[in-house]
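Tertiary structure, described
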Amino acid sequence: MRILISGGGVAGLTLAYWLHHRGFTPVVVERSPEGQVGGYGIDFFGTGYDIAERMGLVQRLEQGRIPADSVAFVNEAGRVRARLERRLVEEVVEGPSLPVMHGTLEQALAGTVNGNVEIRHQQTITEVRQSDDGVAVTFADGREEDFDLLIGADGVHSATRRLVFGPERDYARHLGYHLACFPLPDDHELGPTRFHYTSQGRQVVVYRTDRPGEMIALFLYKARDEGVIPRAARLARLRKEFAGMGWITPRLLDGAPADASIFMDSMTQIVMPGWHHGRVALVGDACGCMTLVSAQGVSMAMGGAYLLAKALHRHLGDHRAAFAEYERRMLPEVAHRQRNARAVARTLIPSTRLGTSTQNLVMRLLARKVFAPVLRRRFGAGSILAAG
Ligand SMILES: Cc1cc2nc3c(=O)[nH]c(=O)nc-3n(C[C@H](O)[C@H](O)[C@H](O)COP(=O)(O)OP(=O)(O)OC[C@H]3O[C@@H](n4cnc5c(N)ncnc54)[C@H](O)[C@@H]3O)c2cc1C
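Residues numbered from 1 in each chain as written. Predicted model: local features only at pLDDT ≥ 70, side-chain atom pairs only at ≥ 80, totals over all residues. Heavy atoms only, no water.

Relative to each other, helix 2 (residues 46–54) and helix 10 (residues 297–314) sit at 50°, their axes nearing to 7 Å. When the axis of helix 2 is compared with that of helix 10, the two are oblique. Of the two elements, helix 2 crosses helix 10, and the hand of that crossing is left-handed. Contacts between helix 2 and helix 10 involve Gly 46, Thr 47, Gly 48, Ile 51, Ala 52 and Arg 54 on the former and, on the latter, Ser 299, Met 300, Met 302, Gly 303 and Tyr 306. For the contact of helix 2 with helix 10, a count of residues per class yields 5 nonpolar, 5 polar and 1 charged. (Axes fitted to C-alpha atoms, helices over the stretch in contact; angles between N-to-C directions. Helix = DSSP H or I, 4+ residues; strand = E, 2+ residues; numbered from the N terminus. Parallel < 35°, antiparallel > 145°, perpendicular 65-115°, else oblique. Left-handed = near helix turned anticlockwise from the far one by under 90°. Contact = heavy atoms within 4.5 Å. Nonpolar A, V, L, I, M, F, W, Y, C, P; charged D, E, K, R; others polar.)

Next comes the structure, spelled out in structure tokens:
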């Protein structure tokens with residue numbers, strides 16, 4: 001059975017691996033050129049870690065571990081007001097956690113399918129026509145090809161979703177923030193600590209990457225949804241939004257890459273009542289983006305991919321039953337985490353000094369081990385595969 005996967009990110013590559021493993025013939029089309037790395041740091045635990053273990057990837061990922069022993073909340077002078085140790089995360093998730101760069105994970109996943117799965121880079125789909133027998137797809141270069149099934153793993157702004165399920169606005173739920181990030185030389189001697197600095201509806205986060213001498217600066221600010229901000233306008237927008245911020249903020253903006261290779265997006269969830277239509281299904285952020293606030297997007301992307309391949313194998317020849325089973329198992333897990341993420345987003349970045357002080361106090365309380373079970377229940381951070 002030939003299955004086209006649109007999107008060779010975390011969900012798409014995990015799906016390709018497990019489909020190949022179970023005897024299917026996946027083909028991946030990925031918009032980006034081959035070998036792009038970097039991006040941003042992700043906290044990787046629970047379901048994602050569980051699946052990485054099943055794919056034999058943990059050792060490889062350990063080699064790319066980001067130095068991250070604690071999270072420190074600092075004021076405009078850089079004085080630490082609260083600190084969360086990494087140990088707490090491991091208490092909450094009741095297992096190991098592994099901070100890595102998103103690109104490191106993608107590279108490791110690509111290594112698991114290398115030579116076994118056809119991956120076509122710099123390619124996208126532009127048209128989808130379904131029939132009883134299959135899915136006819138037109139690619140951006142005009143070529144047409146038939147597949148048995150099509151899976152959209154093309155992220156929060158999924159083209160598959162737009163072509164088959166309708167426009168993004170029908171499913172987008174903006175959480176009230178914009179975010180941006182870029183890599184720059186670490187001239188600030190950050191060490192193994194991730195720093196958060198919050199002021200009046202804005203937050204700057206910095207941490208080292210796995211490359212010596214490199215760090216990431218992440219900027220979050222309250223804003224209505226403006227859609228895509230053109231690349232050429234991104235740095236100017238950040239300078240405007242973060243004007244007057246203390247600590248190292250001006251130096252971070254001065255160090256921004258001149259080529260405007262700045263990742264920028266609105267913080268938007270994708271909430272859908274159903275994830276499949278005929279011979280097409282969605283996986284990962286394409287159908288269930290939770291945003292960075294949940295810190296579980298990678299886990300749900302990998303978990304969804306794993307369970308989708310498993311369901312297709314169990315219901316061989318009956319994609320309807322397979323898609324229904326996958327959705328029954330995954331959708332409630334994602335919906336639960338989306339609700340939690342929305343609750344967190346409401347108080348993520350206080351707009352006043354008093355709000356920020358209160359937040360630091362709450363962080364100091366949460367740092368106590370006694371709160372780990374509360375956080376675990378609230379965020380559902382354990383592996384969803386624990387039950388089999
Ligand atoms: C700043 C930031 C921090 C985050 N931190 C965490 C964290 O700590 N923990 C966590 O679990 N999650 C985190 N996330 C979320 C996590 O990155 C996503 O949930 C996860 O990457 C989803 O995987 P995906 O494969 O569904 O989508 P993506 O990783 O977005 O992959 C989609 C792929 O599809 C490709 N694509 C897009 N459009 C097309 C097209 N038309 N045709 C072909 N290919 C296409 C893209 O190039 C990409 O390779 C964070 C996200 C951000 C932005």
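Take the site of the ligand next. Neighbouring the ligand are 31 residues; Ala 11, Glu 30, Tyr 40, Asp 43 and Asp 285 lie closest to it. The separation between a nitrogen atom of the ligand and a polar main-chain atom of Arg 31 is 3.1 Å. The set of elements that each furnish at least two residues to the shell around the ligand consists of helix 1 (10–21), strand 2 (25–30), strand 3 (41–45) and helix 10. Along the lines of polarity and charge, the residues of the shell around the ligand split into 13 nonpolar, 13 polar and 5 charged. (Near = heavy atom within 4 Å. Polar contact = N/O pair within 3.5 Å; in protein donor to acceptor, adjacent residues only side chain to side chain.)

Turning next to helix 4 (residues 86–93). When helix 4 is considered as a whole, its buried residues turn out to be Arg 86, Leu 88, Val 92 and Val 93. Seen from one end, helix 4 has its buried residues packed into an arc of 155°, which puts them on one side. Directly beyond the C-terminal end of helix 4, a positive phi value near 50° is found at Glu 94. (Buried < 20%, exposed > 50% of the residue type's maximum accessible area, 1.4 Å probe, protein only. Arc of directions from axis to C-beta.)

What follows covers the pairing of strand 16 (residues 263–270). The buried fraction of strand 16 is high, at 7 of 8 residues. Judged from the 7 bridges that link them, strand 12 (residues 172–185) and strand 16 form a sheet pairing that is antiparallel. Bridge pairing in strand 16 places His 174 opposite Thr 268. (Pairing = 2+ DSSP bridges.)

Look at helix 10: 25 Å from first C-alpha to last across 18 residues, which is about the 26 Å you get at 1.5 Å a residue. Counting buried residues along helix 10, 14 of its 18 residues qualify, which places the element largely inside the surrounding structure. (Expected span 1.5 Å × (residues − 1).)

Attention shifts here to the sheet that holds strand 10 (residues 144–147). Read from one edge to the other, the open sheet built from 3 strands follows the order 8-9-10, with strand pairing classed as antiparallel. Edge strands, defined here as strands with exactly one partner in the open sheet, are strand 8 (125–130) and strand 10. Across the sheet, the mean angle from the axis of one strand to that of its neighbour is 25°, orientation sign disregarded. Sheet analysis places strand 8 next to strand 9 (residues 135–139), joined by 5 bridges and oriented antiparallel. Counted as the bridge partner of Glu 127 is Thr 138 from strand 9.

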